[in-house]
Amino acid sequence: MHLSSVCLAKPVLYSYFRSSCSWRVRIAFALKGIEYNLVPVNLIKDGGQQRSEQYSKLNPMQQVPAVEIDGITLCQSLAVIQYIDETRPGPCLLPVDPKARAKVRMISDLIASGIQPIQNLSVLQKVGEEKVPWGQHFINRGFQALEPILKETSGKYCVGDEISMADICLVPQVYNAERFKVDIGQYPTIRKINETLLELEAFKVSHPSHQPDTPANLQA
Ligand SMILES: N[C@@H](CCC(=O)N[C@@H](CS)C(=O)NCC(=O)O)C(=O)O
């Protein structure tokens, strides 16, 4: 295949409707106006399709998302988002100003490294019966750190008034928090930014309740 046809091909996103990391990439595609083909990977069915031999070749961590784009395969949602940002026109997902850019990365890492992995499916499966209090504990711990940071950095969105990768990380994490029955009212800044972002089309079309693999009873 010639390079030009590789670049023109639609990206393929391996995604699970309820996966917060898949949702991050769906938001980034939507914000940039990029069309893609979605291949559902059911994290529960068949003992977890992410663990199949075939899928493990795409993402050896046996997690979603994985993305085929421009002739390469990428996993790790933040790497995917930054690749999209660096290669596609549309709103900049990382600000140009180094200080604002560092703040975006700080918030993104706080969520993507400091909260989400501790309440990920494979961790919860090891935790067993205590999974709900476990998840609540670590999400609350993370949000207690995030709330004062966002008070300082936010305008309309996480960092000032421009949408960024930090916002892309925030909304799916709040969705997870709600699934764990965390009281978001304790975090007024997080709640307000989340509500503002959920009004935007890119966050609506990528929402877990609107995906091709969303079960009928969870569709909005
Ligand atoms: N750091 C990775 C984390 C990916 C991740 O944790 N994915 C979850 C869903 S949000 C998953 O596939 N879990 C499957 C499992 O734990 O078996 C990323 O940002 O892409």
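Residues numbered from 1 in each chain as written. Predicted model: local features only at pLDDT ≥ 70, side-chain atom pairs only at ≥ 80, totals over all residues.

**Section: the UniProt feature "domain: GST N-terminal" (unreviewed entry) in the protein**
Those residues carrying the UniProt feature "domain: GST N-terminal" (unreviewed entry) are residues 9-92 in this numbering. Along residues 9-92 one finds 36% helix and 19% strand; the C-alpha atoms at either end are 22 Å apart. (UniProt positions renumbered as here; feature names shortened; annotations may be inferred. Helix = DSSP H or I, 4+ residues; strand = E, 2+ residues; numbered from the N terminus.)

**Concerning the UniProt feature "domain: GST C-terminal" (unreviewed entry) in the protein**
Mapped onto this numbering, the UniProt entry gives "domain: GST C-terminal" (unreviewed entry) at residues 97-216. Secondary structure across residues 97-216 comprises 65% helix and 0% strand; the distance between its end C-alpha atoms is 44 Å.

**Considerations on the site of the ligand**
With respect to spatial proximity, 17 residues lie near the ligand, and among them Ser-19, Gln-63, Ser-77, Leu-121 and Ser-122 are the closest. For the shell around the ligand, the elements supplying multiple residues, two or more each, are α2 (20-32), α4 (77-87) and α6 (121-127). When the residues that make up the shell around the ligand are grouped by side-chain class, the tally is seven nonpolar, ten polar and no charged. Taken together, domain 1 (3-91) and domain 2 (98-204) each give at least three residues to the shell around the ligand, which thus spans both. (Near = placed C-beta within 6 Å. Nonpolar A, V, L, I, M, F, W, Y, C, P; charged D, E, K, R; others polar. Domains from an automatic or database assignment.)

**A few points about the nonpolar core**
Grouped together as the largest cluster of nonpolar side chains are 53 residues, with contacts concentrated most on Ala-28, Ile-81 and Met-165. Top element by residues in this core is helix α8 (residues 165-179). It accounts for eight residues. In this view, Ile-81 contacts Arg-24, Val-25, Ala-28, Leu-93, Met-165 and Ile-168; residues no more than four positions away in its chain are not counted. (Core = buried A, V, L, I, M, F, W, Y, C linked by C-beta atoms within 7 Å. Buried ≥ 20, exposed ≤ 12 C-beta atoms within 10 Å, placed from the backbone. Contact = placed C-beta atoms within 7 Å.)

**Observations regarding the sheet that holds strand β4 (residues 72-75)**
Across the sheet, four strands lie side by side as β2-β1-β3-β4; this open sheet has mixed pairing. Each edge of the open sheet is held by one strand with a lone partner, namely β2 (37-40) and β4. Between one strand axis and the next, the sheet turns by 20° as a mean value, whatever way the strands run. One ladder, built from four bridges, connects strand β3 (residues 66-69) with β4; its direction is antiparallel. Directly across from Glu-68, in β4, lies its bridge partner Thr-73. (Pairing = 2+ DSSP bridges. Axes fitted to C-alpha atoms, helices over the stretch in contact; angles between N-to-C directions.)

**Remarks on the domain arrangement of the protein**
Taken domain by domain, the protein consists of domain 1 (3-91) and domain 2 (98-204). With centres defined by C-alpha atoms, the gap from domain 1 to domain 2 works out at 21 Å. In this assembly, twelve residues from domain 1 lie in contact with 14 residues from domain 2. At the level of secondary structure, the elements contributing two or more residues to the side of domain 1 that touches domain 2 comprise α2 and α4.

**Examining the packing of helix α7 (residues 131-153) against helix α9 (residues 188-198)**
Where α7 meets α9, the closest approach of the two axes is 8 Å, and the angle between their N-to-C directions is 70°. On the basis of the axis angle, α7 is roughly perpendicular to α9. Note on element contacts: α9 touches α7 through Thr-189, Ile-190 and Ile-193, opposite Phe-143, Leu-146, Glu-147, Leu-150 and Lys-151. Looking at the contact of α7 with α9 residue by residue, the classes come out as five nonpolar, one polar and two charged. (Parallel < 35°, antiparallel > 145°, perpendicular 65-115°, else oblique.)

**Points about α4**
By the burial criterion, the buried members of α4 are Ser-77, Leu-78, Val-80, Ile-81 and Ile-84. Down the axis of α4, the smallest arc covering the buried residues is 160°, so these residues share one side. Facing away from the buried surface of α4 by more than 90 degrees, the exposed residues are Ala-79, Glu-86 and Thr-87. (Arc of directions from axis to C-beta.)

**Some remarks on the environment of Val-104**
Mapped onto the secondary structure, Val-104 falls in helix α5 (residues 98-114). The residues contacting Val-104, other than those within four sequence positions of it, are Leu-94, Pro-95, Val-159, Ser-164, Met-165 and Ala-166.

**Some points on the pairing of β3**
Bridging between strand β1 (residues 12-15) and β3 involves three bridges; their strand directions are antiparallel. Paired with Val-12 across the bridge in β3 is Glu-68. The antiparallel hairpin formed by β3 and β4 contains two residues in its connecting segment, where Asp-70 sits at a positive phi of about 50°.

**Regarding unusual backbone geometry**
Across the junction of Val-64 and Pro-65, the peptide omega takes the value 5°, indicating a cis bond. Positionally, Pro-65 belongs in the loop between α3 (53-58) and β3. Of note, Gln-76 is a non-glycine position whose phi angle comes to about 75°, a positive value. Structurally, the position occupied by Gln-76 is in the loop between β4 and α4. Looking at Gln-76, the number of C-beta atoms within 10 Å reads 17, which means it is partly exposed.

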